[in-house]
Amino acid sequence: MGRKPDAQAKPYYSGGGPGASSPRAARKTPRSPVFLGTALFVLGFVSLFTGHVVTDADWSRIRSRWRSKQVRNYEPIDIWKSRYSSIYYGCSGRSTNFRSAVPENSSTGYLLIATSGGLNQQRIGITDAVVVAWILNATLVVPELDHHSFWKDESDFSDIFDVDWFISYLSKDVTIVKRIPYEVMLSMDKLPWTMRAPRKSMPEFYIDEVLPILMRRRALQLTKFDYRLTGELDEDLQKLRCRVNFHALRFTNSIHGLGQKLVQKLRLMNTRYVAVHLRFEPDMLAFSGCYYGGGEKERKELGEIRKRWDTLPELSAEDERSRGKCPLTPHEVGLMLRALGFDNDTNLYVASGEIYGGEETLQPLRELFPNFYTKEMLAGDDLKPFLPFSSRLAAIDFIVCDESDVFVTNNNGNMAKVLAGRRRYMGHKRTIRPNAKKLNVLFQRRHQMGWDMFSRKVQKVQRGLMGEPDDIRPKQDDFHEFPSSCICLRNPGNTSITT
């Protein structure tokens, strides 16, 4: 066993077999009399007004569901792998009645898309662009990536994604071309119309507002295309989203090759590893409006960066932290992982750009996890061709995080959402979302309790945020993070569980 911080930490969840349970679980499974009493009252009330008699079978189902939920709430969980992953699988195939791609010469026109933001924000825009093209019966021109945002990356679509695979894979759904044909451009009276759709627009907006212009002008460009389509679509269109995001968007051979090389290096050192998307860069901290104790120097530096976004409201750093809106520090991420049961000999891959505070900020995390690696450490000179391009570097981190046994997010940003959704689709691979709101309280009180007590409390607040099929979902969840329409139960009649 590895060295423990502060004191000897007990493992979080045992890796026991299908029937594994703990004495604590056994003590806490009795059903709540308040819940059962309320359920009985409601059933009786329904019976009074509907004439339906509550049978023993009805009541038995209520009790069994409650008892099952209680057992799930307290049963031991393997920190490396969900026990339930084997009974779910990604399902995004086309239904038999889903309309096929409209040929280029029969389409309503050419749809051009200008994406916005970093790599994963653009990935979401590309995914939605394909769906909008299908809605409009349009021919999609390969989307244009953002060269003007904070990162100033000059990469084109074909520099990051395998464009020929993208076009070929989606050919049954949407006709995609690399550019508008020259002869079509010559025959057009005017340049393509440019417009911006409102955020989270319904399909009706595109049919009523965009389609008439597209058909009149033959080509139309939608700008700043990120989150411009609602998350509430019918199942066939949601499955199309999944086909784009999880299958059609494949990285180029050079990016994929280097990413897999880093994964292999990590596997040779240890068969398992944890990947953390640290997200503690200056721009992220400035955008969050949070404060990390760096005094006037920090306030001035982050304040200057924050001025780049002229629409951001004034925020109280203390309020943001109490609401759980602030990324954890690298030290806090390390403490959470150690409290969950990851030993200090665990291989830790850290996906990140420039860390605010540099090595001084990272040192506490390195001390908790000495087997600490980054793409720069693992790739060496192989990384040089990618260094001028932030999106290509982010793609390498994406691959290593996606292949990890455990992925840990540190904010609710686009990479965290996209990877969390992808890992659910690929079999509920363990994904940990910090409960920042409750963890913040624990970190403040950490020195008022022993390590064992702190560890138990961390384990408790992380329940429902460990990448299980029945994880707690935000009130307004994002389809890219929770692609429910694309996840199916394998053999519904067979409820056996593997470990």
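Because the structure is a prediction, the values reported are computed rather than measured.

Calculation notes
- Residues numbered from 1 in each chain as written.
- Predicted model: local features only at pLDDT ≥ 70, side-chain atom pairs only at ≥ 80, totals over all residues.
- Heavy atoms only, no water.
- Helix = DSSP H or I, 4+ residues; strand = E, 2+ residues; numbered from the N terminus.
- Buried < 20%, exposed > 50% of the residue type's maximum accessible area, 1.4 Å probe, protein only.
- Areas by Shrake-Rupley, 256 points an atom, 1.4 Å probe, with all protein chains shown as cover.
- Phe/Tyr/Trp six-rings, centres within 6.5 Å; stacked < 30°, edge-to-face > 60°.
- Lys NZ or Arg CZ within 6 Å of the ring centre and 35° of its normal.
- Disulfide = S-S within 2.5 Å.
- Expected span 1.5 Å × (residues − 1).
- Pairing = 2+ DSSP bridges.
- Contact = heavy atoms within 4.5 Å.
- Axes fitted to C-alpha atoms, helices over the stretch in contact; angles between N-to-C directions.
- Parallel < 35°, antiparallel > 145°, perpendicular 65-115°, else oblique.
- Polar contact = N/O pair within 3.5 Å; in protein donor to acceptor, adjacent residues only side chain to side chain.
- Nonpolar A, V, L, I, M, F, W, Y, C, P; charged D, E, K, R; others polar.

Each helix and strand counted, the chain has 20 helices and 12 strands in total. Buried residues in the chain amount to 52% of all 499 residues. As displayed, the chain has an accessible area near 24600 Å², and 52% of this comes from carbon and sulfur atoms.

Within the structure shown, the criterion is met by 13 aromatic pairs. Judged by centre distance (5.2 Å) and plane angle (80°), the rings of W80 and F342 are edge-to-face. Of this pair, W80 sits in the loop between α3 (56-74) and β1 (88-90) while F342 sits in the loop between α14 (330-340) and β8 (348-351), and the two are 262 residues apart along the sequence. This pair shows no difference in class: W80 is buried, exactly as F342 is. Members of the aromatic cluster, connected to one another through ring pairs, are F157, F161, F166, F251 and F398. The ring of W165 carries R250 above its face, with NZ or CZ at 3.9 Å from the centroid.

On to the state of the cysteines, then. Covalent bonding between the sulfur atoms of two cysteines is what defines a disulfide. This model, assessed by the stated rule, comprises 3 disulfides. Sulfur-sulfur distance for the disulfide between C290 and C326 comes to 2.0 Å. Taking the sign of the S-S torsion, about -95° here, the bridge from C290 to C326 comes out left-handed. In this pair, C290 is assigned in the loop between α11 (282-288) and α12 (295-306) and C326 in the loop between α13 (317-322) and α14, connecting sequence segments 36 residues apart. Ordering the disulfide-forming cysteines of the chain by sequence position, one finds them joined as 1-6, 2-5, 3-4.

To continue, consider helix α17 (residues 390-403). For α17, which comprises 14 residues, the first-to-last C-alpha distance of 20 Å matches the rise-based estimate of 20 Å (1.5 Å per residue) to within 8%. Taken across its 14 residues, α17 has 11 buried, putting it largely inside the fold.

Let us look at the sheet that holds strand β11 (residues 431-432). With parallel pairing, the 5 strands of this open sheet are ordered in space as β9-β8-β7-β10-β11. Two strands bound the open sheet, and with one partner strand each, they are β9 (372-373) and β11. Bridging between strand β7 (residues 274-277) and β8 involves 4 bridges; their strand directions are parallel. Of the residues in β8, the one forming a bridge with H277 is A351.

Topologically, M415 is positioned in helix α18 (residues 414-425). Spatially, the C-alpha atom of M415 lies 8.1 Å from that of L119, the residues being 296 residues apart in sequence. Excluding residues within four positions of it along the chain, M415 makes contact with N120, H277, D397, F398 and C401.

Here we come to the packing of helix α9 (residues 235-248) against α18. Here α9 crosses α18 at 95°, and the two axes come no closer than 11 Å. Relative to α18, the element α9 lies roughly perpendicular. Here C242, N245, F246 and H247 of α9 lie close against α18, whose contacting residues are V418, G421, R422 and Y425.

Further remarks concern the sheet that holds strand β4 (residues 176-177). Strand order in the open sheet formed by 5 strands is β4-β3-β2-β6-β5, and the pairing between neighbours is parallel. The open sheet has two edge strands with one neighbour each: β4 and β5 (193-195). Judged from the 4 bridges that link them, strand β2 (residues 110-113) and strand β6 (residues 219-222) form a sheet pairing that is parallel. Within the sheet, the bridge partner assigned to I113 lies in β6 and is L222. In the packing of helix α4 (residues 119-136) onto the sheet, the strands contacted are β2, β3 (139-141) and β6, and the crossing angle to β2 comes to about 160°. Each of β2, β5 and β6 touches helix α8 (residues 203-217); the most contacted strand, β6, lies at about 135° to it.

Position of S82 relative to the elements: it lies in the loop between α3 and β1. Given the relative accessible area of 2%, S82 is considered buried. Reaching out from S82, the side chain makes a polar contact with the backbone nitrogen of Y84 at a distance of 3.1 Å. Here E468 takes part through its side chain, which lies 2.8 Å from a polar atom of the side chain of S82.

This brings us to the packing of helix α19 (residues 436-444) against helix α20 (residues 451-461). Put simply, α19 and α20 touch, their axes get as near as 10 Å, and they point 170° apart. Accordingly, the angle class assigned to the pair α19 and α20 is roughly antiparallel. Counted together, K438, L439, L442 and F443 of α19 and F454, K457, V458 and V461 of α20 form the full contact between these two elements. Its residues assigned to classes, the contact of α19 with α20 comprises 6 nonpolar, no polar and 2 charged.

Worth remembering: the numbers are spatial, not functional.
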